[in-house]
Amino acid sequence: QVQLVESGGGLVQAGGSLRLSCAASGLTFGTYLMGWYRQAPGKQRELVATISNGGTSKYNDTVQGRFTISRDNSKNTVDLQMNSLKPEDTAVYYCYANRRLFGQNYDYWGQGTQVTVSS
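Residues numbered from 1 in each chain as written. Predicted model: local features only at pLDDT ≥ 70, side-chain atom pairs only at ≥ 80, totals over all residues. Heavy atoms only, no water.

Caption draft 1: Structural detail: the side chain of T77. Here T77 lies in strand β8 (residues 77-82). Excluding residues within four positions of it along the chain, T77 makes contact with C22, A23, F29, S70, R71 and D72. (Helix = DSSP H or I, 4+ residues; strand = E, 2+ residues; numbered from the N terminus. Contact = heavy atoms within 4.5 Å.)

Caption draft 2: Representation of the packing of aromatic side chains. For the coordinates displayed, the defined rule picks out four aromatic pairs. When the ring of Y32 is compared with that of Y108, the centres are 6.2 Å apart and the planes differ by 55 degrees; the resulting orientation is tilted. Residue Y32 is located in the loop between β3 (18-25) and β4 (33-39), and its partner Y108 is located in strand β10 (residues 104-109); the two are separated by 76 residues in the primary sequence. Clustering of aromatic rings is evident, with ring pairs tying together Y37, Y96 and W109. One cation-aromatic arrangement involves R45 over Y94; the distance from NZ or CZ to the ring centre is 3.8 Å. The ring of W109 carries the charged tip of R45 above its face, separated from the ring centre by 4.6 Å. (Phe/Tyr/Trp six-rings, centres within 6.5 Å; stacked < 30°, edge-to-face > 60°. Lys NZ or Arg CZ within 6 Å of the ring centre and 35° of its normal.)

Caption draft 3: Region of interest: the sheet that holds strand β7 (residues 67-72). One open sheet accounts for four strands, arranged β1-β3-β8-β7; its pairing is antiparallel. What marks the edges here is a single partner per strand, and that holds for β1 (3-7) and β7. In this sheet, adjacent strand axes meet at a mean angle of 15 degrees when their direction is disregarded. With six bridges joining them, β7 and β8 adopt antiparallel strand pairing. Directly across from R71, in β8, lies its bridge partner V78. (Pairing = 2+ DSSP bridges. Axes fitted to C-alpha atoms, helices over the stretch in contact; angles between N-to-C directions.)

Caption draft 4: Region of interest: the environment of D107. Within the fold, D107 resides in strand β10. Exposure remark for D107: the relative accessible area of 39% places this residue in the partly exposed category. Residues D107 and L33, 74 residues apart in the sequence, show an inter-C-alpha distance of 9.6 Å. Ignoring anything within four residues of it in the chain, the contact list for D107 reads Y96, A97 and N98. Among the polar contacts made by the side chain of D107, one reaches the side chain of Y96 at a distance of 2.9 Å. Within the structure, D107 has its side chain in polar contact with the side chain of N98 (distance 2.6 Å). (Buried < 20%, exposed > 50% of the residue type's maximum accessible area, 1.4 Å probe, protein only. Polar contact = N/O pair within 3.5 Å; in protein donor to acceptor, adjacent residues only side chain to side chain.)

If you want it as structure tokens, here you go:
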């Protein structure tokens, strides 16, 4: 049974920082693309950042230069360091794991962690 458990959310003032962490279990972590998505009230879920099993990262333009995604394949964790936070970063943040095998996608989600940025 695959589990993704996020931690590290909370309330922070604009300009501040938070670090989210996701602990994965029940999957061969090193073979999965890992990522973070977010969903603000009344909006669709959007990609924040991804990191490949080889360590290549990609970012949403709105967080480029402020957020950094990293992974530790020895600990089965993926982190999101968020700096210079803005009120528009307020959302529920979800950890995501993806692997494509023999033409089939395997997608897993965490339960989400709330990030609130006050102005």
